[in-house]
Amino acid sequence: QVQLVGSGGGLVQAGGSLNLSCAAVGSIASFNAMGWYRQVPGKQSELVAAITTNGITNYADSVKGRFTISSDNAKNTVYLQMNSLKPEDTAVYYCKASQGPYLGFPYFWGQGTQVTVSS
C-alpha cells in the first residue's frame, strides 16, 4: 500500500515563500513520475509541476521561474519550493505519484495541504 504524506502549507504574504514536502512510505524509486496539483473550489485541478525518475521537470506556465520541484530519493520525498507567491497561488496542493506512464494509472494521491497567500 502506497502512502503519500503532504505537508508544508500555510499562510504567507504575497512575495513570500513556502516549501511543500511529499513523503512516500516506501521508495519513490518505484514511481515513474511525481507531481504537484492544486485545486481551487469550483475550478478544475491544475498540474503545477512534475518530475520524472530521470529528473526531467515540467511546470505550468503560471509558476515557471517561481516554483521548483525536486526529489530526494534517500528521503523518499518530493519537494515544491514556491517563491514569489501570489494571491492566485492560493489553493489546496496535492502530490501525486505514478507507477504508470508519466502521471498515468496506476497512481496515488497524498492528502492536500492548504496554501493561502494574502495580498
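Use the structure listed above.
Residues numbered from 1 in each chain as written. Predicted model: local features only at pLDDT ≥ 70, side-chain atom pairs only at ≥ 80, totals over all residues. Heavy atoms only, no water.

**Q** Describe the side chain of Ser 98, with residues and values.
**A** Take Ser 98: it is sitting in strand E9 (residues 91-98). A residue is classified by how much of its surface remains accessible, and Ser 98, at 0% relative accessible area, is buried. From its side chain, Ser 98 meets the backbone oxygen of Tyr 102 in a polar contact 3.1 Å long. Apart from residues no more than four positions distant in its own chain, Ser 98 is found in contact with Phe 31, Asn 32, Ala 33, Leu 103, Gly 104, Pro 106 and Tyr 107. (Helix = DSSP H or I, 4+ residues; strand = E, 2+ residues; numbered from the N terminus. Buried < 20%, exposed > 50% of the residue type's maximum accessible area, 1.4 Å probe, protein only. Polar contact = N/O pair within 3.5 Å; in protein donor to acceptor, adjacent residues only side chain to side chain. Contact = heavy atoms within 4.5 Å.)

**Q** Break down the pattern of salt bridges for me, with residues and values.
**A** Side-chain pairs of opposite charge can arise whenever the charged atoms involved come near each other. A complete count under the given rule lists 4 salt bridges for this structure. The partner of Asp 61 in a salt bridge is Lys 64, and the shortest N-O contact between them spans 3.1 Å. Judged by relative accessible area, which is 64%, Asp 61 ranks as exposed. Residue class for Lys 64 comes out partly exposed when judged on its relative accessible area of 48%. For Arg 66, the salt bridge is made with Asp 89, and the minimal N-O distance between the two is 2.7 Å. Linking Arg 66 in the loop between strand E6 (57-59) and strand E7 (67-72) with Asp 89 in the loop between strand E8 (77-82) and E9, this pair joins segments that are 23 residues apart in sequence. For the residue pair Arg 66 and Asp 89, the accessibility class agrees, reading buried in each case. Connected through shared salt-bridge partners, Arg 38, Glu 46, Arg 66 and Asp 89 make up one network. (Salt bridge = Lys/Arg side-chain N within 4 Å of Asp/Glu carboxyl O.)

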